[in-house]
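Survey of secondary and tertiary structure
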Amino acid sequence: MQKISVSSIRKKKGKEKITMITAYDALMAKIFDGEVEVILVGDSLAMSFGGYKDTLSINMDNMLYHTMAVKRGVQHSLIVADMPFGSYNSPKQALKNATKLYQQGGADAIKLEGGLERLKHIQLLTQSGIAVMAHIGLKPQFVRAEGGYKIQGKDDVQISTLKQEVEAFNQVGVFAIVLEGVKSEVAAKLTKISDVPIIGIGSGKEVDGQVLVWSDAFGFFEEFQPRFVRRYLEGRKLLKQAIQEFAADIKNGYFPSDQESY
Ligand code: KIV
């Protein structure tokens, strides 16, 4: 199996759905590698891995550490690293930090959240040879400013803003766009006007691909479960059972057995 490239992702538009999942370490990345086209080192790691209440508390050092770990586990899938909150306030800062994710982290592409206010940032990155995935719609890094996670595409103003963002980001050369928490019928229309793939999360099925956070999809994160998450495994329950069995076996003297001893 060949390494997935940015251009192969772009070419899937209209032909084949794109699959993407998060991973934050080499252990999980190795399991997911080659099963999905894209592995996202998402800043969601702040919540599902770091125990923070939102994604705003992690920095470039954290993202670099996790991107390097994922890189060590991946041979085939495309690795996209999230730019954390506060790491791309100006085009110059965006370039400096995206370059770090490329050079030190080994990412194949970066993802950043934002609307037209980030157009210049994205343009500088793409002109500098960095592959960019934009993230529009519901933007978790804005949760504190907006006072919650709000579904987008609900009125004409929001729809027109999303349309402008899709058109502008296509023009400055992003290779894909993550569309989060957008009404399905709006997501379907945006997918039609975009030349690059639209990868949805909580945006219905008429998009070019889907992404989920791995700990949501496999039942490890139980603090809350958004409606758009489908659980493919009851991970937490299974692991709880296993750890209880392990502890009980030690207490009862069943572990280790003679065969497990030298
Ligand atoms: O950080 C993340 O995991 C993400 C996905 C939800 C798309 O941005």
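The text that follows walks through the structure, step by step, so that each part is easy to find. Bear in mind the structure is a predicted one, so any value in this text is a computation, not a measurement.

1. Things to note about the pairing of strand β2 (residues 38-41)
- Covered by surrounding structure in β2 are Val38 and Leu40 together with Ile39 and Val41, the residues of both alternating faces.
- As judged from the three bridges shared by strand β1 (residues 18-22) and β2, these two strands associate in the parallel manner. The residue bridging threonine 22 from the neighbouring strand is leucine 40, located in β2.
- Regarding topology, helix α2 (residues 26-32) serves as the crossover connection from β1 to the parallel β2, and that connection is right-handed.
- Of the pairings in the sheet, the one linking β2 to strand β3 (residues 78-82) comprises four bridges and is parallel in character. If you follow isoleucine 39 over to β3, its bridge partner there is isoleucine 79.

2. Comments concerning the sheet that holds strand β4 (residues 109-113)
- Pairing is parallel in the closed barrel, where eight strands are placed in the order β1-β2-β3-β4-β5-β6-β7-β8. Direction aside, neighbouring strands of the sheet carry axes that sit 25° apart on average.
- Where β1 and strand β8 (residues 209-212) come together, four bridges link them in parallel fashion. Residue isoleucine 18 lies in a different strand from β8, and its bridge partner there is glycine 209.

3. Focus: the site of the ligand
- Around the ligand sit Thr22, Leu40, Gly42, Asp43, Ser44, Asp82, Lys111, His135, Ile201, Val211 and Val213, and that is every residue in its neighbourhood.
- In this structure, an oxygen atom belonging to the ligand sits 3.1 Å away from a side-chain N or O atom of aspartate 82.
- One of the side-chain N or O atoms of lysine 111 is found 2.7 Å from an oxygen atom in the ligand.
- Protein contacts shield 96% of the accessible area of the ligand, which totals 260 Å² for the unbound molecule.
- Per-class residue counts for the shell around the ligand are four nonpolar, four polar and three charged.

4. Some words on the packing of helix α5 (residues 91-103) against helix α6 (residues 119-127)
- Running from N to C, α5 and α6 point in directions that differ by 45°, and their axes come no closer than 8 Å. On the basis of their axis angle, the class for α5 and α6 is oblique. Crossing angle aside, the handedness with which α5 passes α6 is right-handed. Here α5 contributes Pro91, Lys92, Ala94, Leu95 and Ala98 to the contact with α6, which in turn contributes Lys120, His121, Leu124 and Leu125.
- Within the contact of α5 with α6, the residues separate by chemical class into six nonpolar, one polar and two charged.

5. Describing the pairing of strand β7 (residues 198-201)
- Covered by surrounding structure in β7 are Ile198 and Gly200 together with Ile199 and Ile201, the residues of both alternating faces.
- Where strand β6 (residues 176-180) meets β7, four bridges bridge the pair, whose relative direction is parallel. The partner of glutamate 180 across the bridge, within β7, is isoleucine 201.
- Tracing the backbone out of β6, into helix α9 (residues 184-193) and back to the parallel element β7 gives a crossover that is right-handed.
- Both β7 and β8 contribute to a ladder of two bridges, which runs parallel. Along β8, the bridge assignment pairs isoleucine 199 with glycine 209.

6. Points about helix α8 (residues 156-171)
- Between the first and last C-alpha of α8 there are 23 Å, a value that for 16 residues agrees with the 22 Å anticipated at 1.5 Å per step.
- Taken residue by residue, α8 has Leu162, Glu165, Val166, Ala168, Phe169 and Asn170 as its buried positions.
- Buried residues along α8 sit against α6, β5 (132-137), β6, α9 and β7.
- The N-terminus of α8 is capped by aspartate 155, whose side-chain oxygen sits 3.2 Å from the backbone nitrogen of valine 157.
- At the exit of α8 stands glycine 173, carrying a positive phi of roughly 90°.

7. Some thoughts on the nonpolar core
- Core analysis: the largest hydrophobic core is formed by 53 residues, its most contacted members being Ile110 and Ile177.
- By residue number, the principal contributor to this core is helix α4 (residues 60-73), which donates four residues.
- The contact partners of isoleucine 177, leaving out residues within four places of it in the chain, are Ala134, Ile136, Val166, Phe169, Asn170, Ser194, Val196, Pro197, Ile198 and Ile199.
- Met20, Ala109, Ala131 and Val211 belong to the second-largest nonpolar core, a separate cluster that totals 18 residues.

8. Here's the deal with a positive patch on the surface
- Among the surface-exposed residues, Lys150, Lys154, Lys183 and Arg227 lie close enough to one another that they form a single positively charged patch.
- Classification of arginine 227 by relative accessible area gives exposed; the value is 85%.

Basis of the calculations
- Residues numbered from 1 in each chain as written.
- Predicted model: local features only at pLDDT ≥ 70, side-chain atom pairs only at ≥ 80, totals over all residues.
- Heavy atoms only, no water.
- Buried < 20%, exposed > 50% of the residue type's maximum accessible area, 1.4 Å probe, protein only.
- Helix = DSSP H or I, 4+ residues; strand = E, 2+ residues; numbered from the N terminus.
- Pairing = 2+ DSSP bridges.
- Right-handed = clockwise from strand over helix to strand, strands pointing away.
- Axes fitted to C-alpha atoms, helices over the stretch in contact; angles between N-to-C directions.
- Near = heavy atom within 4 Å.
- Polar contact = N/O pair within 3.5 Å; in protein donor to acceptor, adjacent residues only side chain to side chain.
- Areas by Shrake-Rupley, 256 points an atom, 1.4 Å probe, with all protein chains shown as cover.
- Nonpolar A, V, L, I, M, F, W, Y, C, P; charged D, E, K, R; others polar.
- Parallel < 35°, antiparallel > 145°, perpendicular 65-115°, else oblique.
- Left-handed = near helix turned anticlockwise from the far one by under 90°.
- Contact = heavy atoms within 4.5 Å.
- Expected span 1.5 Å × (residues − 1).
- Core = buried A, V, L, I, M, F, W, Y, C linked by side-chain atoms within 4.5 Å.
- Patch = residues over 30% accessible without salt bridge, like charges linked within 9 Å, V, L, I, M, F, W, Y side chains within 5 Å.
- Salt bridge = Lys/Arg side-chain N within 4 Å of Asp/Glu carboxyl O.
- Lys, Arg positive; Asp, Glu negative; His and termini not counted.
- Charge placed at Lys NZ, Arg CZ, Asp CG, Glu CD.

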